[in-house]
Amino acid sequence: MSIYDSLNEEQKKGVFTTEGPVLLLAGAGSGKTRVLTHRAVYLIEELGVNPYHILAITFTNKAAGEMRERIDDMVGYGSENIWVSTFHSTCVRILRRFIDHIGFGTNFTIYDTEDQKTIMKDICKRLEIDTKMYKEKSLLAAISSAKDELISPEAYALRAQGDFRKMKEAAVYREYQQVLRKNNALDFDDLIVKTVELFQSDMEVLDYYQERFRYIMVDEYQDTNTAQFQLIKLLAGKYKNLCVVGDDDQSIYKFRGANIYNILNFEKEFPNAVTIKLEQNYRSTQNILNAANGVIANNVGRKAKRLWTENEEGEKIAFHQFETGFDEADYVAKDIRSKVREGMYHYGDCAVLYRTNAQSRLFEERFITASIPYKIVGGVNFYSRREIKDLLAYLKTIDNAMDDLAVRRIINVPKRGIGATTLSRVQDYADENGLTFYNALKMAEEIGTIGRASAKIRPFVMLIQSMRSKLPYISVSELLQEIIEETGYVRELEAENTEEAQQRMENIDELISKAVTYEESEEEPTLSGFLEEVALVADIDSVDETQDYVVLMTLHSAKGLEFPQVYLAGMEDGLFPGFGAICAENPTAEIEEERRLAYVGITRAKERLSISCARMRMIRGETQYNKVSRFVKEIPRELLAGTIQKEKMPDIPKPSMMAKNAFSAKPMALRRTGVPEARNFGNSAMKKPLDYAVGDTVSHLKFGTGVVKQIIDGGRDYEVTVDFSGVGVKKMFASFAKLKKL
DNA sequence: CCTTAGAATCTTTTT
DNA sequence: GATTCTAAGG
């Protein structure tokens, strides 16, 4: 009896075919991670391959961590030498060692999207670019996709010949790269691009890594872009023991440059490649799988594949259409609660998946009132919160003052009375003398143009210098404490005495404990090491399976995960598939990508799947009326319980809001403003009698308790004015505020 | 130099 | 609706 006996024939083939290129087409839930881990174990234990020679690349840190853990459990000894990590951290590790070969310092910083925007704004100003015509965001997007395709600024300019817009973009691209180089910084895309550049220009370094990584495995291969493909190709160029695992039906990152041809043309690129298909699904019930198959079958140009399962048929897929997004959230909350009460599921078994992050808010509010424990994945990344970025900027400046951006961020935080005029004069001085911004600050007294302001700059420089001198003697967490103490950062927040400041202080505590965790986990903790780890985390990495909470996240974040009970919310044309896809110049391709996303969503469910949508939904402050998603209609009817008809919530008496909704059949939301029907919508018929009056005390989800000051009959709805203690006076519409009389 | 109120923009998805 | 940007007043 060996650990390999539990694998099916195809899985075994994937494990034992260790030499040469292998393409593993693994359908959803077909046990691909098992194959990858067993394969690593097989290499080490049976073939005697030194773990040092194995590289496994995954998409997220979470996936990497899981894979490492599973291998650790199976291999007794030495498995810690396997290199399991994401594309980005793999590249950082390589670049930290060798990037000086291509003219960067090995202590480079990594810019996040916010940093990129700041840089871009600056560039647009300097190049006198009209940001009405060329939005910073779209310029950055153009640069990013160029990098995904390994197109240099020069090549971009060459291609742009004759196209005015493209030529402008090329100029910006060139300038952008120069600024990054000057700041010794790389953006996310550069991590890959520069590694490829390094390998192409330095045969010795390439050879070193080719020798090291004799066996390479790549997970989620369908989401690699051209640059990542090139990287893999270079690394595997010598031994060609490359095993890629992917599913073309789950390719959902085209917007980020994922190149589907990497998987579709793998056999062309590696002529003697062995292709293995894993088609048996171990995750979902037959009904769920059939639903997924029904949807994805509408895509053309996919690799032939038919998922099947020996699992039982299972329950039908629940489908509900609600009046509003509120009702939908209400239903999900109630359903989860009753399932937990019945003892059928734990909170941790349930996931709510949606297309856009904005949808999380309704669920969050409902879950709070229903006291359901939950965790929202995504949205604003922990490390991009203001207070966290401020403190990190201090750390960066102490670590490596070459990062002008970090220095500029904190020079006046907390307020030191240093304003924009002074800063631009310092910048001019720095430019004239070829100094970094920080070095110019150090010489503030020499700068004639700033006068008395130099007295304000001096204490800042002293602070940084003194921190830096302490660096060898104290840990990262101690350094953080020191910064907080010296700058009075937390003291200021305390003084604010608001809910928001409280939250920020909690986040700061969280950051300190992350630093402590880092120090404990690392053998040789360094400040640079900490900053690096922090730069590359995704939100999904923090999901902890052992905790009992419902997770809420976008379909994109859900890839690679599975849950016994899944709620697929907001299945509406216009939201999912989104407008972007419906109105795109190439709708077919975009709709197909959305359809793959739907496929990913459906296949996350193991036992129960509940699909829902709302007729009416607030998006960006505007009310939209949406039809049921076309993807729902692609699910074979007999698999659905419930109908694509109007459905009322049983226990919440709602005034019939759509008494005569003649227009619900039309895609109303396609027309955004000035639609007469939409304006008329809900005349006095929708007005629900209020159970409170002026002078009553009421409670509100967000604002807490307050006293009703005024009620105005606005025709279609009541406008209620409430004075909330501590928050102030708020005006709101009764039907949306959901005020409760106390 | 800093604070504030109103305008503008945004949303598809993220390492 | 919420966040971010801009212009004017203090």
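Residues numbered from 1 in each chain as written. Chains lettered and ligands numbered in written order. Predicted model: local features only at pLDDT ≥ 70, side-chain atom pairs only at ≥ 80, totals over all residues. Heavy atoms only, no water.

- As annotated in an unreviewed UniProt entry, chain A carries the name ATP-dependent DNA helicase and is attributed to Roseburia amylophila.
- Its UniProt record, at the heading Sequence similarities (unreviewed entry), says of chain A: "Belongs to the helicase family. UvrD subfamily." (UniProt positions renumbered as here; feature names shortened; annotations may be inferred.)

1. Comments concerning the overall build of chain A
1) Next: For chain A, the count of helices and strands is 31 helices and 23 strands.
2) Next: Expressed as a percentage of the 742 residues in chain A, the buried residues total 52%.
3) Next: For chain A, the accessible surface area stands at approximately 34,100 Å², while carbon and sulfur atoms represent 50% of it. (Helix = DSSP H or I, 4+ residues; strand = E, 2+ residues; numbered from the N terminus. Buried < 20%, exposed > 50% of the residue type's maximum accessible area, 1.4 Å probe, protein only. Areas by Shrake-Rupley, 256 points an atom, 1.4 Å probe, with all protein chains shown as cover.)

2. What about the side chain of Arg 596?
1) Next: Note that Arg 596 resides in helix α28 (residues 587–602).
2) Next: Among the polar contacts made by the side chain of Arg 596, one reaches the side chain of Glu 593 at a distance of 3.0 Å.
3) Next: With residues up to four places along the chain from it excluded, the contact list for Arg 596 reads Asp 248, Asp 249, Gln 250, Ser 251, Ile 252, Ile 296 and Asn 299. (Polar contact = N/O pair within 3.5 Å; in protein donor to acceptor, adjacent residues only side chain to side chain. Contact = heavy atoms within 4.5 Å.)

3. Focus: the UniProt feature "domain: UvrD-like helicase C-terminal" (unreviewed entry) in chain A
1) Next: According to UniProt, the feature "domain: UvrD-like helicase C-terminal" (unreviewed entry) maps to residues 286–560 in the numbering used here.
2) Next: Taken end to end, residues 286–560 comprises 55% helix and 8% strand; its first and last C-alpha atoms sit 19 Å apart.

4. Notes on the protein's contact with DNA strand B
1) Next: Neighbouring residues of DNA strand B: 25 residues in total, closest Lys 137, Arg 355, Lys 415, Thr 421 and Thr 422.
2) Next: Atoms of DNA strand B within 4 Å of the protein: sugar and phosphate make up 66%, bases the balance.
3) Next: With respect to DNA strand B, the backbone of Gly 419 contributes an N or O atom lying 3.1 Å from a phosphate oxygen.
4) Next: Between DNA strand B and the protein, one listed contact pairs a phosphate oxygen with a side-chain N or O atom of Ser 557 at 3.1 Å.
5) Next: At the level of secondary structure, the elements contributing two or more residues to the surface near DNA strand B comprise α19 (420–433) and α26 (555–558).
6) Next: Within the surface near DNA strand B, the residues separate by chemical class into six nonpolar, 11 polar and eight charged. (Near = heavy atom within 4 Å. Nonpolar A, V, L, I, M, F, W, Y, C, P; charged D, E, K, R; others polar.)

5. Here we look at the pairing of strand β15 (residues 563–568)
1) Next: For β15, a buried count of six out of six residues is recorded, marking the element as mostly surrounded by other parts of the structure.
2) Next: In this sheet, β15 lies alongside strand β12 (residues 350–354) in parallel orientation, the contact comprising four bridges. Residue pairing in the sheet places Leu 353 in a bridge with Leu 568 of β15.
3) Next: Across five bridges, β15 lies against strand β16 (residues 605–619) in parallel orientation. Looking across to β16, one finds that Phe 563 is bridged to Ala 605. (Pairing = 2+ DSSP bridges.)

6. A closer look at a positive patch on the surface
1) Next: A contiguous patch of positive charge on the surface is contributed by Lys 117, Lys 121, Lys 125 and Lys 137.
2) Next: Top element by residues in the positive patch is helix α5 (residues 113–126). It accounts for three residues.
3) Next: Looking at where Lys 125 falls in the secondary structure, it is placed in helix α5. (Patch = residues over 30% accessible without salt bridge, like charges linked within 9 Å, V, L, I, M, F, W, Y side chains within 5 Å. Salt bridge = Lys/Arg side-chain N within 4 Å of Asp/Glu carboxyl O. Lys, Arg positive; Asp, Glu negative; His and termini not counted. Charge placed at Lys NZ, Arg CZ, Asp CG, Glu CD.)

7. A look at the state of the cysteines
1) Next: Within the structure shown, the criterion is met by zero disulfides.
2) Next: Distance from the sulfur of Cys 91, which forms no disulfide, to the nearest cysteine sulfur (Cys 243) is 19 Å.
3) Next: Note on Cys 613: no disulfide assigned, nearest cysteine sulfur contributed by Cys 583 at a separation of 19 Å.
4) Next: Take Cys 613: its relative accessible area is 0%, and that puts it in the buried class. (Disulfide = S-S within 2.5 Å.)

8. Some points on helix α9 (residues 188–201)
In an α-helix there are 3.6 residues to a turn, and that puts residues three or four apart on one side.
1) Next: The end-to-end C-alpha distance of α9 is 21 Å, a good match for the 20 Å that 14 residues give at a rise of 1.5 Å each.
2) Next: Listing the buried residues of α9 in full gives Asp 189, Asp 190, Leu 191, Ile 192, Val 193, Lys 194, Thr 195, Val 196, Leu 198 and Phe 199.
3) Next: By the N-cap criterion, in which a side-chain oxygen at the helix start approaches the backbone nitrogen of a residue two or three places on, α9 is capped by Asp 187, the distance to Asp 189 being 3.2 Å. (Expected span 1.5 Å × (residues − 1).)

9. Quick look at unusual backbone geometry
1) Next: A cis amide bond links Val 413 with the next residue in sequence, Pro 414, at an omega value of -5°.
2) Next: Looking at the secondary structure, you find Pro 414 in the loop between α18 (404–410) and α19.
3) Next: Cis peptide bonds are those with omega within 30 degrees of zero, and the linkage from Phe 576 to Pro 577 qualifies with 5°.
4) Next: With respect to the secondary-structure elements, Pro 577 resides in the loop between β15 and α27 (579–583).
5) Next: A positive phi angle is found at Leu 150, which is not glycine, with a value near 60°.
6) Next: Residue placement: Leu 150 occurs in the loop between α6 (136–148) and α7 (153–159).

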